[in-house]
Amino acid sequence: MKEDKKKDRLCPHEEQYLEKVAKAREQWEEKLIAPRLKRFNLEKPNTSFYTPLDRAGSNFLENVGFPGLYPFTAGNSPLEFWKVHARLAAEMGFRPDWGGTRGVGKYGGFGTAGDYRDYLIRMHSMGRKGGPNIAFDLATQCGLDSDSEQALGEVGRVGVAIDCFQDFATIYEPYTGELEIDKVPSNFTINAPCCVIIAMYAVLAKKRGISPAALRGTPQNDILKEFIARGTYIYPPGPSLRLFRDSLVFLREKMPLLNVNSMGGYHIREAGATREQDLAFSMANAAAYLEAGVEAGLDVNDFAALFTFNAFGGSMEMYHEIAFQRAARRVYARMLKEQFGTTNPKAMIIRQPITAHIGCSSTTLQRPLNNWIRAAVGGIAAGMTGAIPGVFPPFDEPLGLGHSIEATQMQFDATRILLYETGITDVLDPWAGSYFMETLTDEIEAGALAEMDKINQMGGTVAAIESGYMQKAIAKSAYEKQKRIEARQDFVVGVNCFTSELELEVSINRDVEPTYDPALMATAEERQVESLKKMKASRDNKAVASLLNTLKAHAKDKDKNLMPDICDCVENHCTLQEICDVMREVFGEFKQAKL
């Protein structure tokens, strides 16, 4: 008997051993499960249990491997930089919203460029000296100037208004000396007119006598997800992808330290997509961007290493989100290697600041303090994917724009507790080899690959967007999810269960840091329109017209890179909308298919 047990331990996947497990499972189901199902009047168990039978024939090295090695299922690295510096961060009392002189500061933007500049100056006086992490208002995101009728009521509301290079340069007035633009990075969360913002960054460097090649940062530059989920698109998918190609080539030639984009399915899942749709649509988008680079004659081993991901979506299903991250790493690595022939390991990894999380849509307006517990669950999941156990978002996320200082403090402390007190990050991929987790990872991967096959059969992402397939699929999934909640098939504490008068509403103080001055917000549109009017009156309008005509002529040639023309337009004070309007005339505007 001892020899048999030893043989079982050493050869767990041999046929004889699996037969023993299968027989044992049959007996377990017959003697223990069946009687209980009968007792509780259930057709099938509402829990699962996994055994070696679920992993029969699985190859650990091919499907999981070691952290830092292909296919990166177990993680991107055997030792992440944040883990090395964790003790130093604790000793220094570092706060993530400070940014420091090597990273970007807190994501933000409001009012006019002058308003946002003054906010950054105030942050610097408090020791928060990270580079600009810019949120743009909706008008800017849609390629509209502040004096456009379509921008009425939106100027400076959900971000800063940027109409021209003068506005862009104003934001950077505090960034000199030790904070010069070649010493701190910048992030630009914008997509449809992203090429214009990149051009402004390059022109700013030129005017300061700094080589654009020295600039660092990350433009979001993920236009395809806008068609699918978020909605701030301008041109049809084809021309939009052409502009991505132009920016990609320009960045690799002129600004090689700048990341190319910041992709991901966060907005896709928040719009209602399932986990598998999130992964499939994100990978299909990534493939389209990769193909654009390859078709432009670039080396995928070079440019793909500068692709980044913002985040995928999240949920309260912790096990599934851990498996999702593992599956995403594997799917992406295999796509780069098998489909694009990539040999550079750095070009095969998903670089993202946020891994597993619950997603803002998992937070509730009812009993909002419970969101802190929900976010902590996401932090645990993140820690188990080999990442910082980030607790995200703050509990008051659903209460409106502007997290309170209390909620932010609780968010940071929850992350710190997980990082320093639990040991959750001491083991790399603690689920590696788990019968359950490996099976769940395979299932999510299989579901995503099946969805990707559908998209490929349609002709790829652009065709799937133009037909409305992705948008319809997300709308259907969102409807079905909400229907499950309303039918109480899915429970949400405080929303559709445990809502009687016996439950207690717990609250704490909420002081919002004075970021968005109501008085400035109230006058931002008027001041911005007046500033734009003065700029237009003082510029060389003949030069502007000539440059815009050249841009229009070159836009008609699909093989022409438009970035040099856009840079010339920016430098000579053409406005954002004037540049975008010229391309609207050539490319047209996208109209969604009827759902």
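The structure displayed is predicted, hence computed values, not measured ones.

**Student:** Help me understand the overall build of the protein chain in this model?
**Tutor:** Within the protein chain one finds 24 helices and 5 strands. For 595 residues, the compact-globule estimate of 2.2 N^0.38 gives 25 Å, and the protein chain sits close to it at 26 Å. When the backbone C-alpha atoms are referred to their principal axes, the protein chain occupies close to 90 × 60 × 50 Å. Looking at the protein chain as a whole, 51% of its 595 residues are labelled buried. Within the protein chain, counting contacts between residues at least 6 apart in sequence, those at least 24 apart form 77% of the total. For the protein chain, the computed accessible surface area is about 28,200 Å², with 54% contributed by carbon and sulfur atoms. The average position of the 68 basic charges and that of the 78 acidic charges among the side chains of the protein chain differ by 3 Å.

**Student:** Just checking my understanding: could you explain the pattern of salt bridges for this structure?
**Tutor:** Where side chains of opposite charge bring their charged atoms close, a pairing between them can arise. Going through the model one piece at a time under the given rule, you end up with 33 salt bridges. Across the salt bridge formed by Arg117 and Glu173, the nearest N and O atoms sit 2.9 Å from each other. You can see Arg117 sitting in helix α6 (residues 113-125) and its partner Glu173 sitting in the loop between α8 (165-171) and β2 (186-189), a full 56 residues away along the chain. Across the pair Asp490 and Arg484 runs a salt bridge, and its minimum N-O distance is 2.8 Å. Among the charged side chains, a salt-bridge network with shared partners connects Arg55, Arg330, Arg334, Asp442 and Glu445.

**Student:** It is not clear to me how the domain arrangement of the protein chain should be interpreted in this structure. Could you clarify?
**Tutor:** Each assigned domain of the protein chain is listed here: domain 1 (2-57), domain 2 (63-94 + 263-507) and domain 3 (104-220 + 521-595). For domain 1 and domain 3, the distance between their C-alpha centres works out to 61 Å.

**Student:** Mind showing me how you'd approach the sheet that holds strand β3 (residues 217-219) here?
**Tutor:** Taken in spatial order, the 3 strands of this open sheet run β1-β2-β3, and their pairing is parallel. The two strands at the open ends of the sheet, each matched to only one other strand, are β1 (133-135) and β3. Taking each pair of neighbouring strands and ignoring which way they run, the sheet shows an average axis angle of 15°. For β2 and β3, the ladder comprises 3 bridges, and the chain directions are parallel. When the sheet's bridge partners are listed, Phe188 is paired in β3 with Pro219.

**Student:** Explain the side chain of His357 to me, please; I cannot follow it from the model alone.
**Tutor:** Among the secondary structure elements, His357 is positioned in the loop between α15 (318-339) and α16 (370-383). Among the polar contacts made by the side chain of His357, one reaches the main-chain amide nitrogen of Gly359 at a distance of 2.9 Å. With sequence-adjacent residues up to four places away left out, His357 is seen in contact with Tyr266, Ala311, Phe312, Gly313, Gly314, Ser315, Glu321, Gly378 and Phe392.

**Student:** Where do I start with helix α21 (residues 518-538) in this structure?
**Tutor:** In an α-helix, one full turn covers 3.6 residues, which means residues spaced three or four apart are oriented alike. Compared with the 30 Å implied by 1.5 Å per residue over 21 residues, the 31 Å span of α21 between its first and last C-alpha is a close match. Among the residues of α21, those classed as buried are Met521, Ala524, Gln528, Leu532 and Met535. For α21, the elements touching its buried residues are α6 and α8.

What counts and how
- Residues numbered from 1 in each chain as written.
- Predicted model: local features only at pLDDT ≥ 70, side-chain atom pairs only at ≥ 80, totals over all residues.
- Heavy atoms only, no water.
- Helix = DSSP H or I, 4+ residues; strand = E, 2+ residues; numbered from the N terminus.
- Rg over C-alpha atoms; globule rule 2.2 N^0.38 Å.
- Buried < 20%, exposed > 50% of the residue type's maximum accessible area, 1.4 Å probe, protein only.
- Contact = heavy atoms within 4.5 Å.
- Areas by Shrake-Rupley, 256 points an atom, 1.4 Å probe, with all protein chains shown as cover.
- Lys, Arg positive; Asp, Glu negative; His and termini not counted.
- Charge placed at Lys NZ, Arg CZ, Asp CG, Glu CD.
- Salt bridge = Lys/Arg side-chain N within 4 Å of Asp/Glu carboxyl O.
- Domains from an automatic or database assignment.
- Pairing = 2+ DSSP bridges.
- Axes fitted to C-alpha atoms, helices over the stretch in contact; angles between N-to-C directions.
- Polar contact = N/O pair within 3.5 Å; in protein donor to acceptor, adjacent residues only side chain to side chain.
- Expected span 1.5 Å × (residues − 1).

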